[in-house]
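# Structural characterization, general
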Number of protein chains: 2
Amino acid sequence: MQPAIADLFQRIIHLSDGTTGQNRLVYTPRWVAAQKALIAFAVAQDLSVSVDDYGTVYMDLPGRATAPAIATGSHMDTVVHGGQFDGLYGVLGGLQALLTLRDRHGQPHQTLRAISFSEEEGSRFPTTFSGSKHYARLADITGLTDDSGASFDTARITAVTQLQQLPGVTRQLPALPKSFTELHIEQGPRLITTGRTIGLVSAIVGQRRFTITVTGTANHAGTTPMNQRHDALQAAITLMSQLRVTAATAESQLTFTVGQLTVSPNTSNVIPGKVVFTVDCRHADDTVLGAFETAMRHLVNQTSAPGITASIIRWVHDKPAPLAAPLLAANRMLATQLGFDPVVMDSGAGHDSEIMSRVTPTTMIFVPSVNGISHAPNEYTAPEDLAACIKLLTASLFQQAY
Amino acid sequence: MQPAIADLFQRIIHLSDGTTGQNRLVYTPRWVAAQKALIAFAVAQDLSVSVDDYGTVYMDLPGRATAPAIATGSHMDTVVHGGQFDGLYGVLGGLQALLTLRDRHGQPHQTLRAISFSEEEGSRFPTTFSGSKHYARLADITGLTDDSGASFDTARITAVTQLQQLPGVTRQLPALPKSFTELHIEQGPRLITTGRTIGLVSAIVGQRRFTITVTGTANHAGTTPMNQRHDALQAAITLMSQLRVTAATAESQLTFTVGQLTVSPNTSNVIPGKVVFTVDCRHADDTVLGAFETAMRHLVNQTSAPGITASIIRWVHDKPAPLAAPLLAANRMLATQLGFDPVVMDSGAGHDSEIMSRVTPTTMIFVPSVNGISHAPNEYTAPEDLAACIKLLTASLFQQAY
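Residues numbered from 1 in each chain as written. Chains lettered and ligands numbered in written order. Predicted model: local features only at pLDDT ≥ 70, side-chain atom pairs only at ≥ 80, totals over all residues. Heavy atoms only, no water.

### Some remarks on the packing of helix H9 (residues 325-337) of chain A against helix H11 (residues 383-401) of chain A
All names here are of chain A. The interhelical angle for the contact between H9 and H11, taken along N-to-C directions, is 120 degrees, at an axis separation of 10 Å. Considered as vectors, H9 and H11 are oriented oblique to each other. Between H9 and H11 lies a crossing whose hand is right-handed. Contact residues: H9 offers Leu327, Ala330, Asn331, Leu334 and Ala335, while H11 offers Leu392, Ala395, Ser396, Gln399 and Gln400. Of the residues contributing to the contact of H9 with H11, the split by class is six nonpolar, four polar and no charged. (Axes fitted to C-alpha atoms, helices over the stretch in contact; angles between N-to-C directions. Helix = DSSP H or I, 4+ residues; strand = E, 2+ residues; numbered from the N terminus. Parallel < 35°, antiparallel > 145°, perpendicular 65-115°, else oblique. Left-handed = near helix turned anticlockwise from the far one by under 90°. Contact = heavy atoms within 4.5 Å. Nonpolar A, V, L, I, M, F, W, Y, C, P; charged D, E, K, R; others polar.)

Here's what the structure looks like:
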């Protein structure tokens, strides 16, 4: 990154000093300080800065034709104990691209817009993408509380008022852009294990999550003969084995994860009476997810044997978000011209781009994650890789806005 | 039960009013009140009452030949939220047998002793059978604390002093008996499902418990391809499936239970990085347990694949306790003479009898548990079954002491 941007990056990173990893949860003082630092920098750079009522920061390089803008950006918030690059890289990378283009080419034809979305991770309040949902005019989140009982609405108003009152800031919800490009770390191992630098994202996978409950009868581990048991954990093990075989034969790209499992009463000398576990499955093709769900429900129904019952509820049902093929094709050519060998791939994680894709042509550019690690303090991407994707973004914005 | 004993039973049961089930944890005020009620009753019945320094109560009907005594009894303590019959039935059943024999036959030749062991369940301090271990001169438990930090030694001295100071009580550790017979509920379903009334216990099964840890790598459930995962839960599922097949083919009587399992980080969208689970296995033949342990260790070692490691520790290793065949044979004949059809069986749960069996000929008589339920408030045995086994015990004590 350029020195001034690198310095801003460090200042924002160091706001989390004294904690483990990065901890910019939406509307907290640390989050406010980060958006303030960004705003101050952008104002000092003579960008046109707006803040909407959800706390998203828009930094415009006005074009000769003022609307619609060509936009880039990502989210300012983090998970608890997060990494330095998740979201912040896309915010500052986009900002750097804007400033580089102005230095080299002066005023663009279309307005260029760098965005710092208020919230994406769902790490404080039980909601995700509240910033991009507001910009996209899809939903205005309200009425939530965090684990300490704090009100989302109160926290939002308190925090956003501070930002909107800063010198050089306009309180405004800008119009939708003509396109949106998000730089982001891959958060997975595919780029790094294949030694590639640039990922061009064709779609954000659809995602479904389920909770399955298996009920038997808790009983004495020593005195209950093996053929008189209704062991919920043994039944759950059988079911989970069947589910993973089904997932493996479905489609090679289908991800299937049992991430959470609890046993009751969870005592070494008591036969388990109840087991509750989750299933997280993802794929870019919604019919693949639908077929897997159907197969899974069938297996759950078959689990009900004498003394054993099983039930399933679905609590996440996000459809895949295909991204704009023309933007991807253009970036592929630009990347090749710049001497790179980009990989076309899905995103297995959700991003603001999935929201933006519903209202404007959208694409993503991935940088490698060392060891595939994300959502952890040791999240890392090498500086040359960060620079490479900012170079591609800059070329793409030039192509669209100049 | 006889009216006076039935009344004492009710008084002790009602000490747990206001709680869920029975809650006489060793050395608590409720436990002290229960032993006090028992002592007062026995003293009023002109029995010779001693209390040792661990709080076990001995109620003697002195014989013409004073030593060694023919003993019966069980434990006064309960688990948390326990049932009404576990332990207390054996204490009061034994006491009733003594009083019946005195009423009918006067003074016995051998001293008859009814025992209320202080602690068997391990429900307050991390130890079991501390009462019978002290009587058997096998171990004097000391130095423990309960979950609230209370000291075993302080609690013991405080409680036992109250009992030893009661009128009619001698502070004494009696000599070992010539035999020991324990009445107890089966705590399993075998008698009740076969419609039988009396179980004659040939052995208390040996028991081994293990903790197995499977370690992989926690990672993002969406962005980590299926063939690049080190999923500790999937590896654990495979291992547990192999273990249960091994257990099923070992010996039909081998009980195998995975009672406790925890997943880390236990989040729906994170691939599990670590799983810890317990194995509880029991059998009356120690070589069967040894062979199963060897097979299990082999399977654990085989679990270590790229990115996955597994380890195992054993933390319970109780050898089987065969009980006295001559006593069982005698009880079998007595039961048949009384018109019953007794079942010879193992005990899958531990009892004070396993401790006593190391120092004196010991046997157990089981009554049915309705639905096999124990260690729960709805533990139940029909009055006619309770009476039938007390009748057998009375006949056995008569045979041995008169």
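### Quick word on the relation of the copies chain A and chain B
Overlaying chain A on chain B yields an RMSD of 0.2 Å, the required transformation being a rotation through 180 degrees with an accompanying axial translation of 0.2 Å. On the angle and the small slide along the axis, the relation comes out as a two-fold axis. For chain A, the minimum C-alpha distance to the rotation axis belongs to Ile237 of chain A and amounts to 3.1 Å. (Least-squares fit on C-alpha atoms with pLDDT ≥ 70 in both.)

### Topic: the UniProt feature "binding site: allantoate" (unreviewed entry) in chain A
What UniProt calls "binding site: allantoate" (unreviewed entry) maps, in this numbering, to Arg209, Asn269 and Arg282 of chain A. Of the residues just listed, which span 74 residues, the most distant C-alpha pair is 37.2 Å apart, and they do not cluster in one region. Structurally, Asn269 of chain A is set in the loop between strand E11 (261-264) and strand E12 (270-271). Look at Asn269 of chain A and you get partly exposed, because its relative accessible area is 24%. Ignoring anything within four residues of it in the chain, the contact list for Asn269 of chain A reads Asn219, His220 and Ala221 of chain A together with Arg209, Asp280 and Arg282 of chain B. Relative to the assigned elements, Arg282 of chain A resides in strand E13 (residues 274-283). (UniProt positions renumbered as here; feature names shortened; annotations may be inferred. Buried < 20%, exposed > 50% of the residue type's maximum accessible area, 1.4 Å probe, protein only.)

### Considerations on the domain arrangement of chain A
Residue and element names in this part refer to chain A. Partitioning chain A into domains gives domain 1 (3-204 + 320-401) and domain 2 (206-318). Centre-to-centre separation of domain 1 and domain 2, based on C-alpha positions: 37 Å. Contact residues are listed per partner, giving six residues for domain 1 and seven residues for domain 2. Buried area between domain 1 and domain 2, both sides added, is near 470 Å², and the carbon and sulfur share of it is 52%. Taken as a group, Pro320, Asp346 and Gly348 account for 73% of the area that domain 1 buries against domain 2, more than any other trio of residues on that side. Connecting domain 1 to domain 2 are zero salt bridges. Class assignment for the residues of the side of domain 1 that touches domain 2 results in four nonpolar, one polar and one charged. (Domains from an automatic or database assignment. Buried area = accessible area lost by both parts, 1.4 Å probe. Salt bridge = Lys/Arg side-chain N within 4 Å of Asp/Glu carboxyl O.)

### A look at helix H1 (residues 3-13) of chain A
For H1 of chain A, the complete set of buried residues consists of Ile5, Leu8, Phe9, Ile12 and Ile13 of chain A. Down the axis of H1 of chain A, the smallest arc covering the buried residues is 135 degrees, so these residues share one side. (Arc of directions from axis to C-beta.)

### Considering the interface of chain A and chain B
Of the residues lining the interface, 48 residues belong to chain A; the matching set on chain B comes to 48 residues. Across the chain A/chain B interface, buried area totals approximately 4,000 Å², and carbon plus sulfur atoms make up 50% of it. Three residues stand out in chain A for area buried against chain B, namely Thr223, Arg244 and Ser268 of chain A, and they jointly supply 15% of the buried area on that side. For the pair chain A and chain B, the interface holds zero salt bridges.

### Here's the deal with the UniProt feature "binding site: Zn(2+) 1" (unreviewed entry) in chain A
Residues and elements named next belong to chain A. UniProt's feature table lists "binding site: Zn(2+) 1" (unreviewed entry) at His75, Asp86 and His184, given in the numbering used throughout. Over a stretch of 110 residues, the named residues converge on one spot in the fold, their C-alpha atoms separated by at most 9.8 Å. The topology assignment puts His75 in strand E3 (residues 65-75). Relative accessible area serves as the criterion here: at 0%, His75 is assigned to the buried category. Discounting residues that sit within four places of it in the chain, His75 has contacts with Asp86, Gly87, Leu88, Val91, Phe117, Glu120, Glu121, His184 and Asp352. A distance of 2.9 Å separates a polar atom in the side chain of His75 from the backbone oxygen of Asp77. Relative to the assigned elements, His184 resides in strand E6 (residues 179-185). When sequence neighbours within four positions are dropped, the list of residues in contact with His184 reads Ser74, His75, Asp86, Gly87, Tyr89, His351, Met364, Ile365, Phe366 and Val367. (Polar contact = N/O pair within 3.5 Å; in protein donor to acceptor, adjacent residues only side chain to side chain.)

### Some points on the nonpolar core
Residues and elements named next belong to chain A. Within the largest apolar cluster, 61 residues are counted, with the highest numbers of intra-cluster contacts made by Tyr27, Leu38, Met59, Leu92 and Leu95. No other element matches the nine residues that helix H3 (residues 88-105) contributes to this core. Those residues in contact with Met59 that sit more than four places away from it in its chain are Leu38, Ala42, Leu47, Ser48, Val49, Leu95, Leu98, Leu112, Arg113 and Ala114. (Core = buried A, V, L, I, M, F, W, Y, C linked by side-chain atoms within 4.5 Å.)

### Re the pattern of salt bridges
For the structure shown, the criterion picks out 26 salt bridges over all chains. Note that Arg196 of chain A and Asp341 of chain A form a salt bridge whose closest N and O atoms lie 3.1 Å from each other. With Arg196 of chain A in the loop between helix H6 (190-193) and strand E7 (199-204) and Asp341 of chain A in the loop between H9 and strand E16 (343-347), this pair connects stretches of sequence that are 145 residues apart. With relative accessibility at 26%, the residue Arg196 of chain A sits in the partly exposed group. With a shortest N-O distance of 2.9 Å, Arg282 of chain B and Asp280 of chain B are connected by a salt bridge. The same class applies to Arg282 of chain B as to Asp280 of chain B, namely buried. What emerges from the salt-bridge pattern is a single network uniting Arg208, Asp286, Glu293, Arg297, Arg314 and Lys319 of chain A.

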